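# Descriptive analysis of the structure
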Amino acid sequence: MASDLNLPESLYEDYSTPDLPVHGPASVAYWIQALQSHETKERALLILSQIIMLSFQNKEIRKDLAPLLWNSIGTISALLQEIISVYRTLSSPNLTETASTRVSNALALFQCVASHPETRKQFLKAKLPLYLYPFLNTKDKEKPHEYLRLTSLGVIGTLVKSDDPEAIRFLLQTEIFPCCLTSMEVGSDLSKQVATFIIYKILLHEEGLKYCCVLADRACDGLRCCLPLWFGDRKFTSQLHVRSSKTPISSS
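Residues numbered from 1 in each chain as written. Predicted model: local features only at pLDDT ≥ 70, side-chain atom pairs only at ≥ 80, totals over all residues. Heavy atoms only, no water.

Moving on, we come to the overall build of the protein. Along its length, the protein carries 15 helices and zero strands. In the protein, which comprises 252 residues, the proportion classed as buried is 51%. Excluding contacts between residues fewer than 6 apart, the proportion of contacts in the protein whose partners are at least 24 apart in sequence is 76%. Summed over its atoms, the accessible surface of the protein is roughly 12500 Å², and 54% of this surface lies on carbon and sulfur atoms. (Helix = DSSP H or I, 4+ residues; strand = E, 2+ residues; numbered from the N terminus. Buried < 20%, exposed > 50% of the residue type's maximum accessible area, 1.4 Å probe, protein only. Contact = heavy atoms within 4.5 Å. Areas by Shrake-Rupley, 256 points an atom, 1.4 Å probe, with all protein chains shown as cover.)

The structure is reproduced here in structure tokens:
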């Protein structure tokens, strides 16, 4: 099913250049350090997102990038400051494409951290996905808002692609379902596709099915209204039946 959705490895626009240097003054360590300076932060976010784009295209590139981002002093704080800085404009028409792009580049670094098995657990323990939820709950359809919605969904999509039970449990406990339903209601076609993929991956887990059963009025009614028609075909429902037969849900 995941292959049918054709979810891309990275959901960000390709700003990369084939001759991007990765040594000397343009090294990863240099640009990570540059995140600490107001004068160089915007450029550093762009360069690092370019390097991450290359790493998604070729997994042999910079396998240590996520640990470098996580363990370097002040880096995660700098990214959070960038993300939080646009909260006040989410409910107004004042969010610019420039600001949205900067935050989306910061979210690209979050996606890198979320994709790495060594840093994913720490990413969840710090509850960093919660800082993305305001972007998923906004109902504004303008391009800057949509770009933040899509890149945030990319981070969550990376978490569920890992099939990590801890990640699924965290997303359920923090009410990711309503966020996805909002994205499926107001988002672009690609946002709807990724939000659908996230819900599908969660439903493949026993805890995800329990969640829908316990919260039937909210979750099931919302799914009935928002899910694409192909989610009701026999291919999907048969997979759920097979899954539930292998891991029966005990009544509480």
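That covers the picture; the talk isn't over yet.
Considering all chains together, one arrives at 10 salt bridges under this definition. Note that Arg149 is salt-bridged to Glu146, the shortest N-O span being 2.4 Å. One end of the pair, Arg149, and the other, Glu146, are both in helix 9 (residues 143–161), three residues apart, so they sit about a helical turn from each other. Lys210 is the partner of Glu206 in a salt bridge, and the nearest nitrogen-oxygen pair spans 3.8 Å. On the criterion of helical spacing, the pair formed by Glu206 and Lys210 is a turn pair, its members being four residues apart in helix 13 (residues 206–214). (Salt bridge = Lys/Arg side-chain N within 4 Å of Asp/Glu carboxyl O.)

Let us now look at the packing of helix 9 against helix 10 (residues 165–173). Taken N-terminus to C-terminus, the directions of helix 9 and helix 10 make an angle of 135 degrees; their axes are 8 Å apart at the nearest point. When the interaxial angle is binned, helix 9 and helix 10 end up oblique. Note on element contacts: helix 10 touches helix 9 through Ala167, Ile168 and Leu171, opposite Ile156, Leu159 and Val160. In terms of residue class, the contact of helix 9 with helix 10 is made up of six nonpolar, no polar and no charged. (Axes fitted to C-alpha atoms, helices over the stretch in contact; angles between N-to-C directions. Parallel < 35°, antiparallel > 145°, perpendicular 65-115°, else oblique. Nonpolar A, V, L, I, M, F, W, Y, C, P; charged D, E, K, R; others polar.)

One finds Phe110, Ile156, Ile176 and Phe177 to be the most contacted residues of the largest nonpolar core, which totals 64 residues. It is helix 6 (residues 97–115) that provides the largest number of residues to this core, a total of eight residues. (Core = buried A, V, L, I, M, F, W, Y, C linked by side-chain atoms within 4.5 Å.)

Right, let's get into the packing of aromatic side chains. Enumeration over the complete set of coordinates arrives at four aromatic pairs. The interplanar angle of 65 degrees and the centroid separation of 5.8 Å between the aromatic rings of Tyr87 and Phe135 together place this pair among those described as edge-to-face. Residue Tyr87 is located in the loop between helix 5 (75–84) and helix 6, and its partner Phe135 is located in helix 8 (residues 133–137); the two are separated by 48 residues in the primary sequence. Between the aromatic rings of Phe110 and Phe123, the centroid separation amounts to 5.4 Å while the plane-to-plane angle is 85 degrees, which identifies the pairing as edge-to-face. Taken together, the residues Phe110 in helix 6 and Phe123 in helix 7 (residues 117–125) connect sequence positions 13 residues apart. Comparing Phe110 with Phe123 shows no difference in burial state: the two are buried. (Phe/Tyr/Trp six-rings, centres within 6.5 Å; stacked < 30°, edge-to-face > 60°.)

We now examine the side chain of Thr182. With respect to the helices and strands, Thr182 occurs in helix 11 (residues 176–186). Under the relative-accessibility criterion, Thr182 is labelled buried at 11%. Apart from residues no more than four positions distant in its own chain, Thr182 is found in contact with Leu136, Asn137, Thr138, Lys139 and Gly187.

All right, on to helix 13 then. By the burial criterion, the buried members of helix 13 are Gly208, Leu209, Tyr211 and Cys212. Angular distribution of buried residues about the axis of helix 13 spans 155 degrees; they occupy a single face of the element. For helix 13, the exposed residues set more than 90 degrees away from the buried face come down to Cys213 and Val214. (Arc of directions from axis to C-beta.)

Turning to helix 7, a few remarks are in order. Taken residue by residue, helix 7 has Thr119, Arg120, Phe123 and Leu124 as its buried positions. Down the axis, helix 7 shows its buried residues gathered within 140 degrees of arc, on one side only. Opposite its buried face, helix 7 presents the exposed residues Glu118 and Lys125, each directed more than 90 degrees away. Buried-residue contacts for helix 7 involve helix 4 (65–71), helix 6, helix 9 and helix 10.

Two numbers describe how helix 5 lies on helix 6: the axes approach to 9 Å, and their chain directions differ by 140 degrees. With respect to helix 6, the axis of helix 5 lies oblique. Along this stretch, helix 5 crosses helix 6, giving a crossing that reads as left-handed. Where helix 5 approaches helix 6, its residues Leu79, Leu80, Glu82 and Ile83 are matched on the opposing element by Arg102, Val103, Ala106, Leu107, Leu109 and Phe110. In the contact of helix 5 with helix 6, the residues fall into eight nonpolar, no polar and two charged. (Left-handed = near helix turned anticlockwise from the far one by under 90°.)

Of all residues in the protein, 72% have pLDDT values of 70 or greater, and the mean over the chain is 82. For the stretch residues 1–25, pLDDT sits under 50, and the model shows 55 contacts to residues farther than four places along the chain or on other chains. (pLDDT = per-residue confidence, 0-100.)

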